[in-house]
Each structure stands twice: as structure tokens, then as C-alpha cells.
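# Chain and residue survey
Spelled out from the first residue to the last, the chains are:
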Amino acid sequence: TLRRHFSQSARKTRYQPQRPPDAKAPLITLAQPQGRAGRSTAALHLATAAALAGYRVLLIDADPAGDLAQALQVSEATEIGVLGLIARAAARHLRQANEARLDRGEAPLAMDGVLSAALGLHAQDLIRPTLWPGLDLLPAGAGLMQADLQIGRWRMAQARWQPWRALADALDSDGLRSRYDLILCDTGRGLGPLALAMLASADVLLAPLPL
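The paragraphs below set out a description of the structure included in this document. (Residues numbered from 1 in each chain as written. Predicted model: local features only at pLDDT ≥ 70, side-chain atom pairs only at ≥ 80, totals over all residues. Heavy atoms only, no water.)

## Focus on the overall build of the protein
Of the regular secondary structure elements, the protein holds 9 helices and 6 strands. Taking 17 Å as the expected radius of gyration for a compact globule of 211 residues, we find that the protein reaches 19 Å, a close match to that expectation. On the principal axes, the C-alpha backbone points of the protein span a range of 70 × 40 × 30 Å. The proportion of buried residues among the 211 residues of the protein is 44%. Within the protein, contacts between residues separated by at least 24 positions form 80% of all contacts whose residues are at least 6 apart in sequence. Averaging the positions of the 23 positive and the 19 negative side-chain charges in the protein gives two centres separated by 7 Å. (Helix = DSSP H or I, 4+ residues; strand = E, 2+ residues; numbered from the N terminus. Rg over C-alpha atoms; globule rule 2.2 N^0.38 Å. Buried < 20%, exposed > 50% of the residue type's maximum accessible area, 1.4 Å probe, protein only. Contact = heavy atoms within 4.5 Å. Lys, Arg positive; Asp, Glu negative; His and termini not counted. Charge placed at Lys NZ, Arg CZ, Asp CG, Glu CD.)

Quick look at the structure:
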């Protein structure tokens, strides 16, 4: 509110963040195979600092531990979290493959319940506001505990499906790169399929190093 008020003065450029026209929000992903490397803490501080500077920030929690929701006082979360966007990509790929199979006279492949539910999912369905104005969170759901197994199983059933661009494609197709100025993603320990999917979609990679 103060930024909007003072931006009406002759020196308004001092009070508003620089947003290049038509620029898309970059996805910055934090990753570190070791535990206790400060990934979540760094993501939290970067996100809140950017929000306080006036930027519109989306923070994605891809860590099954889900610590960011508690830190940002977000109590309502979905069961599936960011895995829902990967599941949606897998479901759409499977649906197209089944259409091709039917055209060839072949039986379609089965689609599990997670994929079926993800078909109608929109990224906005997963995002929650936080106590910081300008900072939204896509919290980790309990389903992330099985994310690596789920992604591996979908990958085995669909050899041509590549989950590595699922997040980047979702950010573009759902308009999140235009809605926000900065998108940060925190990953969990290790480099499993979920973490690799987050890394492959990133525009910038940050690797906190423990002291």
C-alpha cells in the first residue's frame, strides 16, 4: 500500500520494482543432494525478500517434508501438491497415446486414479496465499512422499513421455509466468525423479553449500 501511495509522486520509479514489459517470470530451483544444506531456508528468505521489495512471487514446495507451509502459516493444502502438474502432463500424454491406439484398432492403456483426477487440474487450484502480501505458495502435499515411485511408474508405462519439462510447460500454459515476477522452487533431499523434474524445468539453479 505504501509503495502504491508513494509511486504517485514525481520519483515514482524508486518505489516500484523493475518489471520489464512482457518479461516472463524465471523459475529458480534450489537443490542439494545432502540434507541440512539450507535449501528451504534460502528459498524462504529469497521469496520473502523479493515480496517485500514489491515483486509478485510464487514459491513452490517440492520437498516432501513440506516445511514451507508451516513457516508461511499456510494451513490448507492439497493432497498431491506440485506432483499434480506432473500427473496432468502424464495423463494428457497417455490420453493422446490411447487415441492413437484406438485409431490403430488397439486396446487403450489403463489410466490410474491419480492421472484421471489430474486431467482437470489447474495450477491455480494448488496455490495458496501466505501471510506475506505478494507471496503465494504451492505447498507440498502428502502425496509427494510417493512422488518418485509414481513418476517412475508412469515413465515405465509411457516410454515416450518425458516428465522433465512438465513444470515449465505448466507454468506457461496456466499463465503463471505472467501472473508472477519470480518463481522459486524448493526440492527435497537427493536427486530422485521429482527433484530432477524440477531441475530440468529451471531457468536458474541454486545449490546451497553447507558450511
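## Some points on the packing of helix α4 (residues 83–103) against helix α6 (residues 147–157)
Contact pair α4 / α6: the axes reach a minimum separation of 11 Å and the direction vectors enclose 10 degrees. Taken as axis vectors, α4 and α6 run roughly parallel relative to one another. Residue-level contacts link Leu-83, Ile-86, Ala-87 and Ala-90 of α4 to Ala-147, Gln-150, Ile-151 and Trp-154 of α6. When its residues are assigned to classes, the contact of α4 with α6 shows 7 nonpolar, 1 polar and no charged. (Axes fitted to C-alpha atoms, helices over the stretch in contact; angles between N-to-C directions. Parallel < 35°, antiparallel > 145°, perpendicular 65-115°, else oblique. Nonpolar A, V, L, I, M, F, W, Y, C, P; charged D, E, K, R; others polar.)

## Overview of the layout of surface pockets
Roughly 350 Å³ of internal volume is contained in the largest pocket. Taken together, 15 residues line the largest pocket, and the ones lying closest to its centre are Thr-1, Arg-3, Ala-51, Gly-54 and Pro-133. For the lining of the largest pocket, the elements supplying multiple residues, two or more each, are α1 (2–6) and α2 (39–52). The biggest single contributor to the lining of the largest pocket is α1, with 3 residues. Tallied by class, residues from the lining of the largest pocket come to 7 nonpolar, 4 polar and 4 charged. (1 Å grid on protein atoms, 1.4 Å probe; cavity = no way out; pocket = protein on both sides within 12 Å on 5 of 7 lines; lining within 4 Å. Points joined across faces, edges and corners; volume = space filled by probe spheres on them.)

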